[in-house]
Amino acid sequence: MMQTSRPVGLLGYGVYVPRYRIAGKEIARIWTDGQGGVPVEAKSVPGLDEDTITMSIEAGRSALLRAGVPAQALSVVWVGSESHPYSVKPSGTIVAEALGTSPWISAADYQFACKAGSEALTAAMGMVGSGMAQYALAIGADTAQGRPGDALEYTASAGAAALLVGAAEDALATIDATVSYVSDTPDFFRRADRPYPVHGHRFTGEPAYFHHIKSATTRLLSELGRTAADFTYAIFHQPNAKFPQTVAKQLGFSEAQIKPGLLSPLIGNTYSAIALAGLCATLDIARPGDTILMTTYGSGSGADAYALTVTDALLERRGRAPLMAAYLARQEFVDYAVYAKWRGKLVLG
Amino acid sequence: MDLAKRWRQKPAYYRLEGQRHRTSGEVRFPPQPPRVGESGEEWEAYPLRGTGEIYSFAGVRTAAPEYAAQTPYLVALVRLDEGLLVSAQLTDCDEAELQIGQRVEMVTRRMSDTGVDGLLVYAYKFRPVLE
Amino acid sequence: MPSMPSGAASWYWDKVMNMQPVYIVRSAATPVAENYHSSLRDLAAAAFHAALTGLPAAFDPQRIDMLYVASAMNSMLQRQTELGALLATTFGLVGIPALTVEASGASGGVALHQARLAIASGAADLVAVVGVEKVTDRLDADIEAARATSIDSEFEAELGLTLTSQWALLMRRYMHEYGYAADAFAPFPINAHANAASNAGALYRFGINAEKYRKATQIASPLNMLDTSTAADGAAVVLLASEPMARELGAAQIRLAGGAIATDALPLATRRDLLWLAAAERSSRAAMQQAQVRPADVHVLDVTDPHGIVAAMALEACGFVERGTAPRHAADGGITPQGSTPLATAGGYKARGDVGGASGVYQIVELVRQLQGTAGAAQVANARVALAQCLGGVASTAVTHILIRE
């Protein structure tokens with residue numbers, strides 16, 4: 001278990017989900033004649049003018065608004081993603097300039113499949129917890145792509161979540177402890193310069209997703225001396241609708257505990273953003289004193305588990321920026337043709 | 001490739017930073033060099049709030065080459081709450097649902113992709129205020 | 001007597017009233033067309049030779065003192081600068097002072113204005129003005145990009161705005177402020193198309209009607225295809241002369257009695273009053289004051305009219321109709337050859353074809369026909385005073401000239 005020498009917490013949070021959706025059935029219409037089930041009902045689709053950077057900017061702005069912290073006070077802007085628009089050139093500096101930070105900050109990009117955002121979060125905890133930084137912004141954002149016709153195409157979606165880490169006494173939720181568990185498990189990867197990832201089908205399940213999430217979560221619970229029942233809410237990484245519900249059940253969490261943070265059935269897997277966004281959506285409805293467990297997962301592989309406690313400050317700050325519900329409400333469905341045009345799947349010559 | 005130009009434009013393009021006159025309080029956008037009779041020190045950088053209402057809007061169906069792959073798209077004149085007008089694209093909305101006077105807010109979006117070996121250009125657009 | 005103008009236009013009054021008179025001695029233009037067989041220099045040469053036709057046999061073209069060339073999009077679409085020297089060479093006038101004038105769509109009017117000043121100052125006796133635009137070598141997106149160079153490149157064009165969409169923004173706001181539907185602007189292109197039928201050099205010689213206007217495809221909504229001009233190829237030439245030279249050539253009939261350039265804030269959003277074309281107002285007032293005419297004295301006019309909204313706003317800015325009333329005036333027949341403000345008698349930008357920076361020279365060629373009574377079915381009865389106005393960008397440059405038949 002990792003704990004900071006100085007208590008830390010979330011001072012603000014912000015989310016982003018694009019306006020557009022494609023229904024799982026619409027993708028199935030193209031590839032399976034509509035036969036069979038779909039892993040999520042719909043997934044978010046980024047507009048032509050959206051990418052990891054633009055979504056990070058909006059989520060970051062909301063996090064700053066909620067915290068009431070001016071951008072100039074930030075010491076850290078870190079963006080975790082598997083879809084950074086540039087292979088070489090940080091997303092972090094663009095996001096920082098758009099937020100209007102001082103140039104005297106640490107800005108960098110993280111990469112760890114769907115866990116890149118939580119890597120940034122853990123590192124931000126270290127920066128603030130060690131006293132190196134007063135305010136650190138950790139963002140997870142992705143415009144994930146699946147190969148046309150591949151199982152991933154149904155779920156790989158777009159979104160962002162930003163968490164502003166600061167001292168626990170100013171927090172709307174304290175982060176009490178975290179555990180990180182990793183191993184070299186090749187369940188999913190994308191070679192440099194390739195557009196779509198490769199995944200190991202059933203191998204992505206038990207030895208990968210389930211083993212890592214359960215390892216990190218049970219270790220955190222045992223070291224804290226708590227059980228699943230001690231948490232008001234829980235969020236697990238959501239590569240589809242089924243895995244998080246299954247792992248929650250195996251770990252002893254109820255449907256009610258994971259419901260507020262379960263977003264994948266509606267927007268798909270926003271990769272680096274999905275677990276963090278689930279936490280934000282949970283904070284949207286949480287009460288002071290509530291306890292939250294979040295375990296993220298990234299292929300390749302690793303899981304980070306966090307224990308949080310909501311404070312009184314949440315009630316005052318929650319309404320300062322749009323809630324997840326506002327982003328979920330503005331859904332505009334597109335068909336596969338529009339989706340293909342927007343996602344660069346048409347050969348334009 | 002306009003590398004230096006894009007680098008110069010960051011404050012205005014990324015976060016709608018204009019100028020405010022230090023004594024009169026007049027706000028203007030885009031930032032400009034001093035006019036005849038003014039000194040540069042009279043104006044300070046001033047971040048606009050990015051909220052306002054639609055003064056007029058139009059749908060673009062024939063665009064310059066860098067935007068040809070994005071048609072149709074919407075452009076507008078937006079009356080900012082600071083009182084000035086700004087020209088920009090609208091995003092995340094449909095023309096049929098728009099009306100003059102509608103509240104909009106600034107977002108930073110990817111404008112044009114200058115090719116696989118080119119720079120990505122980010123700048124302000126406006127969208128209907130998220131309820 | 002007109003009253004003393006105020007503001008930026010006053011220098012015209014003070015300094016231009018004592019200028020030497022200037023006459024239009026010859027004018028000619030090529031048909032406006034998708035002229036795939038002709039290059040820019042072919043077009044310019046054709047118009048130049050046509051302009052010289054009819055001069056006394058003894059006339060030596062080497063007596064032309066200066067050559068002004070107007071083109072808005074040439075450097076973008078043809079990648080050719082220094083058109084002055086190029087066309088002087090083409091015409092066989094190597095050695096004379098020759099230069100290019102660029103003010104976007106107002107280029108032709110500005111070139112004419114500068115040529116007039118050269119003669120009025122006594123520096124020249126005979127000046128050729130060439131307006132030329134060769135667009136069909138390039139594809140539509142390139143033309144749209146070239147047109148967009150006349151709006152603010154950093155804060156309009158590079159953000160996705162186009163010249164056409166800027167006029168569409170003004171049209172929608174105009175509709176909102178004054179309570180018009182989009183088809184209130186239909187009379188402008190309908191009149192333009194009707195008049196073009198009798199102009200052998202027009203791009204579109206067919207009529208349109210309100211029903212077709214309503215059903216037309218949107219180009220930059222609320223602007224539709226039938227309310228949007230088509231860029232095409234063309235060249236026009238006007239020869240200006242001092243009074244002694246005009247008399248020697250036996251062509252001292254049509255006097256360029258007034259002319260003025262004015263500008264407005266180029267970025268549209270920075271204007272105080274977006275629905276008022278301030279440059280059009282300033283330049284038309286100054287030009288009319290020089291010529292000592294009022295709007296009511298003008299028998300026929302030609303304005304920049306790629307869209308009905310542009311013609312409407314120009315009519316208002318020039319003082320022909322009250323603000324907010326131009327569409328009603330057009331609906332009442334006011335802009336037909338029989339109306340009080342005959343517009344686009346050769347088809348205007350919409351039906352004659354949009355020749356970009358050459359438009360200001362085409363306007364002169366067409367209005368000379370009106371003043372000479374040779375405009376055919378679109379002839380305005382007893383036309384003696386004409387007004388030509390061309391705009392650059394979203395009327396950030398305006399040039400107005402008054403032509404009087406003596």
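Shown above is the structure to which this text applies.
What counts as what
- Once a new chain begins, its residue numbering starts again from 1 and follows that chain's sequence as written.
- For naming, the first written chain is A and the first written ligand is 1, with later ones following in the order written.
- Given that this is a predicted model, residues contribute local features only at a pLDDT of at least 70 and side-chain atom pairs are listed and counted only at 80 or more, while totals for whole chains, interfaces and linings are drawn from all residues.
- Hydrogens and water are ignored here; the side-chain numbers use all heavy atoms of the structure.
- If DSSP finds at least two bridges between two strands, the strands pair.
- A run of H or I in DSSP becomes a helix once it reaches four residues, and a run of E becomes a strand once it reaches two; helices and strands are each numbered from the N terminus.
- Residue contacts are counted whenever heavy atoms from the two residues lie within 4.5 Å of one another.
- Note on definitions: angles span 0 to 180 degrees between N-to-C directions of axes, and those axes are lines fitted to C-alpha atoms, for helices only across the stretch in contact.
- Accessible surface is computed with a 1.4 Å probe, and the buried area is the amount of it that two parts give up when combined, taken over both parts together.
- For this document, the term salt bridge refers to a Lys or Arg side-chain nitrogen within 4 Å of an Asp or Glu carboxyl oxygen.
- Whenever a nitrogen or oxygen atom comes within 3.5 Å of another N or O atom, the pair is scored as a polar contact, on the condition that within protein one atom can donate a hydrogen and the other can accept it, and that pairs from neighbouring residues in sequence are kept only if both atoms are in side chains.
- Note that Gly is not counted as nonpolar here; it falls among the polar residues with everything else outside the nonpolar set of Ala, Val, Leu, Ile, Met, Phe, Trp, Tyr, Cys and Pro and the charged set of Asp, Glu, Lys and Arg.
- Small angles under 35 degrees read as roughly parallel and large ones over 145 as roughly antiparallel, with 65 to 115 read as roughly perpendicular and the rest as oblique.
- Left-handed describes a crossing whose near helix is turned anticlockwise from the far helix through less than a right angle; right-handed describes the clockwise counterpart.

**Let's talk about the sheet that holds strand β14 (residues 332–333) of chain A**
All names here are of chain A. Here three strands make up an open sheet; going across it, the order is β3-β2-β14 and the pairing mixed. One side of each edge strand has no neighbouring strand; the edge strands of this open sheet are β3 (42–45) and β14. Relative to β3, strand β2 (residues 20–23) runs antiparallel, the two being bridged by four bridges. Bridging from a neighbouring strand, Ile22 pairs with Lys43 of β3. Its contacts with the sheet put helix α1 (residues 24–31) on β2 and β3, and the angle it makes with β2 is roughly 50°.

**Focus on the interface of chain C and chain B**
By a frequent convention, interface size equals the accessible area lost on bringing the separate parts together. Taken together, the 31 residues of chain C in the interface contact 33 residues of chain B. Regarding the contact of chain C and chain B, the summed buried area is about 2,700 Å², with carbon and sulfur atoms giving 61% of it. Applying the counting criterion to the chain C and chain B interface returns three salt bridges. Across the pair Glu95(B) and Arg172(C) runs a salt bridge whose closest N-O atoms are separated by 3.0 Å. In this assembly, chain C and chain B are joined by 16 residue pairs in polar contact (both at pLDDT 80 or more). Of all the secondary-structure elements, those providing two or more residues to the side of chain C that touches chain B are α6 (140–147), α7 (163–178) and β5 (218–221) of chain C. Looking at the side of chain C that touches chain B, the element that brings in the most residues is α7(C), giving seven residues. Of the residues contributing to the side of chain C that touches chain B, the split by class is 15 nonpolar, nine polar and seven charged.

**Some details on the sheet that holds strand β10 (residues 385–392) of chain C**
Residues and elements named next belong to chain C. Strands sit in the order β3-β2-β4-β7-β1-β8-β11-β10-β9 across an open sheet of nine strands; the sheet is mixed. Two strands close off the open sheet at either side, each with one partner strand: β3 (98–101) and β9 (300–302). Taking the axes of each pair of neighbouring strands and ignoring which way they run, one obtains an average angle of 25° across the sheet. Sheet analysis places strand β4 (residues 126–133) next to strand β7 (residues 234–242), joined by eight bridges and oriented antiparallel. Residue pairing across strands places Val132 opposite Ala235, the latter belonging to β7. The sheet strands contacting helix α4 (residues 83–91) are β2 (66–70), β3 and β4, and the helix crosses β2 at an angle near 120°.

**A closer look at the arrangement of the chains**
Here two pairs of chains make contact, and the pair sharing the most contacts is chains B and C. The two partners chain A and chain C share no contact, and the minimum distance between any of their C-alpha atoms is 12 Å.

**Considerations on the packing of helix α3 (residues 91–99) of chain A against helix α1 (residues 3–15) of chain B**
In a packed pair of helices, the relevant descriptors are the angle between the two axes and the axis-to-axis distance. Running from N to C, α3(A) and α1(B) cross one another at 70°; their axes reach a closest spacing of 8 Å. As judged from the angle between their axes, α3(A) and α1(B) are roughly perpendicular. In the packing of α3(A) onto α1(B), the handedness of the crossing is right-handed. Note on element contacts: α1(B) touches α3(A) through Lys10(B), Tyr14(B) and Arg15(B), opposite Ile94(A), Glu97(A) and Ala98(A). Each residue belonging to the contact of α3(A) with α1(B) can be placed in one class, and the counts come to three nonpolar, no polar and three charged.

That is the geometry; function is a separate question.
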